[in-house]
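Spelled out, the chains give:
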Amino acid sequence: MGAIQGCHRGGESFIENEQVSEAQGFCKFCGKPTGQGEVCVGCTLTDLSIPDAFASGAIDGKAEAIRASLLESHTGRRFEIKSPKCKIGRDPTNQVVIDEDPYASRFHAWITYEDGHFFVEDLGSTNGTLLNGSPLTRRRPIINGDKLRVGRSDFTFVVEHVPIGSAARASKEQR
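Cut-offs applied
- Residues numbered from 1 in each chain as written.
- Predicted model: local features only at pLDDT ≥ 70, side-chain atom pairs only at ≥ 80, totals over all residues.
- Heavy atoms only, no water.
- Helix = DSSP H or I, 4+ residues; strand = E, 2+ residues; numbered from the N terminus.
- Buried < 20%, exposed > 50% of the residue type's maximum accessible area, 1.4 Å probe, protein only.
- Lys, Arg positive; Asp, Glu negative; His and termini not counted.
- Salt bridge = Lys/Arg side-chain N within 4 Å of Asp/Glu carboxyl O.
- Polar contact = N/O pair within 3.5 Å; in protein donor to acceptor, adjacent residues only side chain to side chain.
- Contact = heavy atoms within 4.5 Å.
- Pairing = 2+ DSSP bridges.
- Core = buried A, V, L, I, M, F, W, Y, C linked by side-chain atoms within 4.5 Å.
- Phe/Tyr/Trp six-rings, centres within 6.5 Å; stacked < 30°, edge-to-face > 60°.

Q: When you look at the environment of E80 in this model, what are you seeing that I'm missing?
A: Relative to the assigned elements, E80 resides in strand β8 (residues 78-81). A residue is classified by how much of its surface remains accessible, and E80, at 24% relative accessible area, is partly exposed. Expressed as a C-alpha distance, the spacing of E80 and L70, which sit ten residues apart in the sequence, is 6.5 Å.

Right under this line is the structure:
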């Protein structure tokens, strides 16, 4: 295992003293160590699929998986959060598409999963995003039961902890 020293070079930044193995790759945009692929989840807005290790809870060495979703309050629709970055808005490329709400922006907000925690952030939307009734002015942690308002759509953030075997079966059944 080697250590990366903090530095900035040609627009690339490297994480100071982060431990990586020699076989590990690095993001081609920010230089952060990556376990899979060439781009880290911090540098892309594409629809990433969660690696099997993440879905099974193996990354944190836990015997359970974490399953998160947004439950739309009025219709009861459930939107599963299937990637470390989940975009919300009217645009069809978002993971959570709320095209029936004219008050939602095309790219309204996103929920991210980092270091075992979920966060929510407004993406400069026209009508703003509310977390538990308060306007989001910066990235904030979001936990089970929190209320999220995007445009005029209301959601409840739901986090479930399920045994690894149940998560693997549920994942295969959804395919």
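There is more to say, and it comes next.
Q: Hey, could you run me through the side chain of D101 in this one?
A: Summarising the element assignment, D101 is placed in the loop between β10 (96-97) and β11 (109-114). It is R152 that comes nearest to the buried, bridge-free D101 among opposite-charge side chains, at 6.3 Å. A distance of 2.7 Å separates a polar side-chain atom of D101 from the backbone nitrogen of R152. Here the side chain of D101 touches S153 through a polar contact of 2.8 Å, side chain to side chain. The residues contacting D101, other than those within four sequence positions of it, are R90, V150, G151, R152 and S153.

Q: Could you clarify how one ought to interpret the sheet that holds β10 in this entry?
A: Adjacent strands of a sheet form backbone hydrogen bonds with each other and so pair up, either parallel or antiparallel. Spatially, β10-β9-β11-β12-β15 is the arrangement adopted by the five strands of the open sheet, whose pairing is mixed. Where the open sheet ends on each side, the last strands, each with one partner, are β10 and β15 (140-141). Sheet topology places strand β9 (residues 85-89) next to β10; two bridges connect them, and they run parallel. Bridge pairing in β10 links G89 to V97.

Q: Where do I start with the pairing of β9 in this structure?
A: Across a regular strand the side chains alternate sides, sitting on one face of the sheet and then on the other. In terms of residue burial, β9 counts as a mostly covered element, since five of its five residues are buried. Side chains K85, K87 and G89 project from β9 onto one buried face, and the interleaved C86 and I88 project onto a second face that is buried too. In the sheet, β9 pairs with β11 via four bridges, with the strands oriented antiparallel. Bridge pairing links I88 to A109 in β11.

Q: How do you make sense of the nonpolar core when you look at a structure like this?
A: Nonpolar side chains tend toward joint burial in soluble globular proteins. One finds L70, I88, I111, F118, L148 and F157 to be the most contacted residues of the largest nonpolar core, which totals 21 residues. Sorting the residues of this core by element identifies β7 (64-72), β8, β9, β11, β12 (117-122), β16 (147-150) and β17 (153-163) as the ones contributing at least two each. In terms of residue count, β17 provides more of this core than any other element does, three residues in total. Beyond its immediate chain neighbours, meaning those up to four positions away, F157 contacts A68, S69, L70, I81, I111, F118, I142, I143, N144, G145 and D146.

Q: What is the right way to read the packing of aromatic side chains from this model?
A: Two aromatic rings, taken as a pair, are described by how far apart their centres are and by the angle between their planes. The full count for this structure, using the stated rule, is three aromatic pairs. Centre to centre, the rings of Y113 and F118 are 4.6 Å apart; their planes meet at 55°, and the pair counts as tilted. Both residues of the pair, Y113 and F118, count as buried. Ring centres 5.2 Å apart and planes at 65° place the aromatic pair F118 and F157 in the edge-to-face group.

Q: When you look at the pairing of β16 in this model, what are you seeing that I'm missing?
A: Residues L148 and V150 point to one face of β16 and are all buried, whereas K147 and R149, pointing to the other face, are not buried. Strand direction decides the pairing type here: strand β13 (residues 129-131) and β16, joined by three bridges, are antiparallel. When the bridges of β16 are listed, T129 appears paired with V150. Bridge count between β16 and β17: four bridges; the pairing is antiparallel. What sits directly across from L148, in β17, is F155. Hairpin connection from β16 to β17: two residues lie between these consecutive antiparallel strands, with G151 at a positive phi of about 65°.

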